[in-house]
Amino acid sequence: KTVIIFCSMAFIFSSCSKSNDEGKMIPENAVFVAQFNMKSLSAKLPWNDIKQTAWYQKAFNDSSTPEWRKKILENPETSGIDFDRSLIIFANKTPGQEMHIVVEGTLKSEKDFEQFNKNFDPSQAIKKSGDINLLILKDKNVVGWNGKHFAYVMNSKTTSAEMYNWHDSTGNQSNSTIAENSDELSAFCTKLFSLKSDSSLAKNEKFADLLKGKDDIRIWQNTEQIMKNSPSMGALGMLKLDLFFKDNISTYAVNFDKGKIEINQKGYFGKELTDFMKKYSGSKINTDMIRNIPTQNVFGIFAMNFKPEGIKELIKLTGTDGIVNMYLQQSGFNLDDISKANNGNLLLAFTDLKMSADSFDLKDSEGNTTNKAGFTKPDLNVIFTLGVKDKPSFQKIMDAGKKMAAEMGRDTSITFAMNDKAFVVSNSGSFANRYLSGNNNKFDFLDKIDGEPFGAYLDLHKIISTLNTGKDTTDERKPLLDASLNFWNNITMKGGDIKDDAFTSETEINLVDQNTNSLKQLNTYLDQMFKINEGRRDQNSHAKRLDSLLTPPPIDTVKIK
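Scope of this entry: the structure provided in the associated data block. (Residues numbered from 1 in each chain as written. Predicted model: local features only at pLDDT ≥ 70, side-chain atom pairs only at ≥ 80, totals over all residues. Heavy atoms only, no water.)

A short note on helix 17 (residues 391-407)
Move 1: Given a rise of 1.5 Å per residue, 17 residues ought to cover 24 Å, and the 24 Å separating the end C-alpha atoms of helix 17 matches this to within 8%.
Move 2: For helix 17, the complete set of buried residues consists of Ser393, Phe394, Ile397, Met398, Ala400, Gly401 and Ala405. Summarising the axial view, the buried residues of helix 17 lie within an arc of 160°, below the 170-degree limit, and thus occupy one face. Across from the buried face of helix 17, at angles greater than 90 degrees, the exposed residues are Pro392, Lys403 and Glu407. (Helix = DSSP H or I, 4+ residues; strand = E, 2+ residues; numbered from the N terminus. Expected span 1.5 Å × (residues − 1). Buried < 20%, exposed > 50% of the residue type's maximum accessible area, 1.4 Å probe, protein only. Arc of directions from axis to C-beta.)

Quick notes on the packing of helix 20 (residues 460-467) against helix 21 (residues 478-485)
Move 1: Axis separation between helix 20 and helix 21 bottoms out at 9 Å; the angle between their running directions is 155°. Classified by the angle between their axes, helix 20 and helix 21 sit roughly antiparallel to one another. When you trace helix 20 past helix 21, the crossing you get is left-handed. Contact residues: helix 20 offers His461, Ile464, Ser465 and Leu467, while helix 21 offers Leu481, Ser484 and Leu485.
Move 2: Tallied by class, the residues present in the contact of helix 20 with helix 21 amount to four nonpolar, three polar and no charged. (Axes fitted to C-alpha atoms, helices over the stretch in contact; angles between N-to-C directions. Parallel < 35°, antiparallel > 145°, perpendicular 65-115°, else oblique. Left-handed = near helix turned anticlockwise from the far one by under 90°. Contact = heavy atoms within 4.5 Å. Nonpolar A, V, L, I, M, F, W, Y, C, P; charged D, E, K, R; others polar.)

A closer look at the pairing of strand 5 (residues 132-136)
Move 1: By the criterion of burial, strand 5 is predominantly enclosed, with five of the five residues buried.
Move 2: On strand 5, burial covers both faces: Ile132, Leu134 and Ile136 on one face and Asn133 and Leu135 on the other are all buried.
Move 3: Connecting strand 4 (residues 127-129) to the antiparallel partner strand 5 that follows it, the hairpin turn spans two residues, and Gly130 within it adopts a positive phi of roughly 70°.
Move 4: Pairing between strand 5 and strand 6 (residues 142-145): four bridges, direction antiparallel. Bridge pairing links Ile136 to Val142 in strand 6. (Pairing = 2+ DSSP bridges.)

Observations concerning the side chain of Asn146
Move 1: With respect to the helices and strands, Asn146 occurs in the loop between strand 6 and strand 7 (149-155).
Move 2: Residue Asn146 is classed as buried on the basis of its relative accessible area, which comes to 15%.
Move 3: At a separation of 2.9 Å, a polar atom in the side chain of Asn146 contacts the main-chain amide nitrogen of Lys148.
Move 4: What Asn146 contacts, discounting residues up to four positions off in sequence, is Leu107, Glu110, Asp131, Ile132 and Phe193. (Polar contact = N/O pair within 3.5 Å; in protein donor to acceptor, adjacent residues only side chain to side chain.)

Just geometry here; none of it tells us what the structure is for.
Encoded structure:
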């Protein structure tokens, strides 16, 4: 009896721990959810910092801004919303082609919240639906609240239907009235406050797992629900490609840290695809392939390790292996050759980015060349390489690639090369040969991706710096590039392990300033962008006024008799 009681209590407590309050007012089939940890975000970026920005000052000092809105701008808590609790935004598909967009949160003062919303349209009266207060806002949107929570409900089709004369899912022109739209939104809003736990995300274990940490922003994406009822799903189902979307959930935990933005991602799939990934996922990327890149000027790479036999098995899962084999055999190889040819080590690299001068002919109306116009364009080296396992099988694939390129008339820009260790495709023959000759370069980003099934690196600073080369002070893009150059550094991504049936990865966005919180830096950067665009707009406006002053008045050509 003691054992039975103990097991029963353990089951009850474990079940309770899997539930979550945040998911109680979110439908289980929501396609997208973003939860903002307002207490954490406010600690990293206080409202007083936002009040110093140019966009805030413009909005606050605008003579057309009403006093009630200035009061909210001065102190958002006067809205009655509790900004020590989280705010949630989610999208939910309707039976038609539209979506409900919902913003939810917790109330601090019901009285202040009621007054805040009445300001939008004082002519509207509050309606009661049980213990829920409902108010129709401008543009037919609806807000509902009780003593604890609130929910704004908007229809993604509300405004655009009339603006662009769109049609509904039946092909009939949309003629919904304000009352019809608000009634439907009010009914949905009311339903959110009384969702059963089985119909919400309250008991969803994956959603509860997303909420475990103390992250700044948490994002939930239900790809299966996004694709469901899509016109393309019929064809995908026939080819069994729907297995890629079945039970497909992605979660993202975002944190703003000192000098960087971190994103931890988990991907969930259906049982069939999960079992496949467990069996055929790789181990560790081959860093020697990266060190073999014959230049230090690398600005982007993607490397991964996989089990080659998984290529054939994945195609068999979709039921298209017969068709694919028939097509490949016409080119001289088959799926078995692909699996045997490579050893599962892959690399894609982008190097030596520079701006090169180029020109094109200017022609007159008769097609005669009159002059040449000069411009600059990006120039770079690209290399794609696979590790060789069976050279004869790879030779078949390479010969087929050369033949296809020749038939397409593109045999001058692509180079195919191979030795006993690697198969290479590049836009430069000399670069491909230098890669195959062997190198041992060192790269700072290798330490961050070493030991992972896949890794990626993108040097944003190097890209922006190259694009900024040669820009003079009269170029309107230069201020934007200068600001970006002082802000962005690089991005690294790594992962590929499967933990608790989830495909995991980590992304790190590094900024130039490593000593200041990234959210504060992002606020400053966006403020700079705003100032630059405002200055450009003022300059254009001034130029137009000047042109109007310099334009001579019209001359009366009527003859005087």
